[in-house]
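This is what each chain is made of:
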Amino acid sequence: MEKYEKTVAITNRHLCCKELLYQIELLCKRGVSAIILREKDMTEKEYKSLAEKAIAIGQSYNTSVILHSFVNVAESLGCRAIHLPMPLFMKMADNKNSYHRRLTESFKIIGVSTHTLKEAVEAEKAGAAYITASHIYATECKKGCEPKGIDYLKEVCKAVSIPVYALGGMNFNNMNDALKAGAEKVCMMSEMMRMK
């Protein structure tokens with residue numbers, strides 16, 4: 001159970017051996033600290049139906065389920081945690097527009113995906129509760145893109161005071177390196193979705 005306490009599972013139903021909800025329950029039983037429901041290719045209606053069930057499973061195991069990108073769905077379900085891509089977050093976090101109040105009133109936890117040191121610093125200044133720093137190691141999701149490595153992760157962790165979650169090519173064999181580099185947690189997709 002201890003090795004899961006510092007992990008955040010990111011979903012991708014296309015990688016699952018079984019149904020996604022089965023996988024979510026398995027991960028909750030194992031003790032992951034949170035699950036980010038990242039099914040970006042779903043319609044809003046499909047995502048809402050999935051999110052309702054995923055949140056219910058998470059609640060029964062006291063596991064946080066963080067919705068991803070679907071702000072309207074999160075608000076309608078009373079989910080107070082959202083994870084956003086950097087461009088959407090910055091658009092919503094700009095206090096000169098009407099989205100700013102909506103974002104700060106609707107969500108207690110706002111996570112943001114960052115890919116550069118500059119983005120990490122900007123996300124913290126704009127009110128992110130935590131950031132993901134990616135991609136640290138080579139990963140299928142970013143085929144052909146050079147990984148940023150542990151030194152980059154160390155840089156990000158030193159530059160911000162909010163929690164940093166290491167993302168990209170993370171697994172149980174390399175997660176300790178990321179934690180030693182200053183990451184609060186590590187995010188895993190493939191490893192979590194294929195777990196039996």
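What comes next is a walk through the structure. (Residues numbered from 1 in each chain as written. Predicted model: local features only at pLDDT ≥ 70, side-chain atom pairs only at ≥ 80, totals over all residues. Heavy atoms only, no water.)

### Examining the pattern of salt bridges
Note the threshold: Note on definitions: salt bridges are taken to be side-chain nitrogens of Lys or Arg within 4 Å of carboxyl oxygens of Asp or Glu. Labels follow the DSSP assignment, with helices taken as runs of H or I lasting at least four residues and strands as runs of E lasting at least two, numbered in each case from the N terminus.
All told, the structure shown has five salt bridges when counted by the stated rule. Between Arg-13 and Asp-41 there is a salt bridge; the shortest N-O distance is 2.8 Å. Of this pair, Arg-13 sits in the loop between β1 (7-10) and α1 (20-30) while Asp-41 sits in the loop between β2 (34-37) and α2 (44-60), placing them 28 residues apart in sequence. Each of Arg-13, Glu-39 and Asp-41 takes part in salt bridges that share partners, so that together they form one network.

### Let's talk about the environment of Cys-16
For clarity, the threshold we go by: We call two residues in contact whenever any of their non-hydrogen atoms come within 4.5 Å of each other.
Mapped onto the elements of the fold, Cys-16 is located in the loop between β1 and α1. Sequence separation between Cys-16 and Cys-157 is 141 residues, and the spatial gap between their C-alpha atoms is 31 Å. Look past the residues within four positions of Cys-16 in its chain and what remains in contact with it is Gln-23 and Met-193.

### Concerning the pairing of strand β3 (residues 64-68)
The line we're drawing: Partly exposed describes any residue whose relative accessible area lies between the buried limit of under 20% and the exposed limit of over 50%, with all areas from a 1.4 Å probe on protein chains only and scaled to the type maximum. Each pair of strands is called paired provided DSSP finds at least two bridges between the two strands.
Most of β3 is tucked away: four of the five residues are buried. Looking at chain direction, β2 and β3 are connected through four bridges and run parallel. Considered in β3, the bridge of Ile-35 is made with Val-65. Across two bridges, the pairing between β3 and strand β4 (residues 81-85) is parallel.

### Description of α1
Note that an α-helix has 3.6 residues per turn; residues three or four places apart therefore point the same way. Among the residues making up α1, those that are buried are Leu-20, Leu-21, Gln-23, Ile-24, Leu-26, Leu-27 and Cys-28. Residues of α1 that are buried in the fold lie against β1, β2, α2 and α9 (190-193).

### Details of the sheet that holds strand β6 (residues 130-133)
Note the cut-off: Axes here mean lines fitted to C-alpha atoms, for a helix over just the part in contact, with angles spanning 0 to 180 degrees between N-to-C directions.
The parallel closed barrel is built from eight strands, whose spatial order is β1-β2-β3-β4-β5-β6-β7-β8. Along the sheet, successive strands turn relative to each other by an average axial angle of 25°, direction set aside. Both β4 and strand β5 (residues 109-114) contribute to a ladder of five bridges, which runs parallel. Directly across from Leu-84, in β5, lies its bridge partner Val-112. Contacting β2 and β3, α2 runs over the sheet at an angle of about 165° to β3. Helix-sheet contacts for helix α6 (residues 117-125) involve β5 and β6, and the interaxial angle to β5 is about 165°.

### Looking at the packing of aromatic side chains
Our working rule: In this scheme Phe, Tyr and Trp rings, the latter by its six-membered ring, pair at centre separations within 6.5 Å, and the angle between planes marks the pair as stacked below 30 degrees, edge-to-face above 60, and tilted otherwise. Only Lys NZ and Arg CZ are tested; either one counts as a charge over a ring when it is within 6 Å of the ring centre and within 35 degrees of the ring normal.
Evaluation of the coordinates by the stated rule reveals three aromatic pairs. When the ring of Tyr-47 is compared with that of Phe-70, the centres are 4.1 Å apart and the planes differ by 15°; the resulting orientation is stacked. Of the two residues, Tyr-47 is situated in helix α2 and Phe-70 in the loop between β3 and α3 (71-77); the sequence distance between them amounts to 23 residues. A relative accessible area of 0% places Tyr-47 in the buried class. Here the guanidinium or amino end of Lys-3 rests over the ring plane of Phe-172, the centre of that ring lying 4.4 Å away. Against the face of Tyr-152 rests Lys-148, its NZ or CZ located 5.6 Å from the ring centre.

### Considering the environment of Leu-77
Examined against the element boundaries, Leu-77 turns out to sit in helix α3. For Leu-77, a relative accessible area of 25% translates into the label partly exposed. Linking Leu-77 and Glu-52, residues 25 residues apart in sequence, is a C-alpha distance of 7.2 Å. Non-local contacts of Leu-77, meaning those with residues more than four positions away in its chain, are made with Lys-48, Ala-51, Glu-52, Ile-55 and Leu-67.

### Considering unusual backbone geometry
Residue His-135 is bonded to the preceding Ser-134 through a cis peptide linkage, with omega at -10°. Topologically, His-135 is positioned in the loop between β6 and α7 (149-159). One non-glycine residue, Asn-62, lies in positive phi territory at about 60°. Position of Asn-62 among the secondary structure elements: in the loop between α2 and β3. Since its relative accessible area comes to 74%, Asn-62 is described here as exposed.

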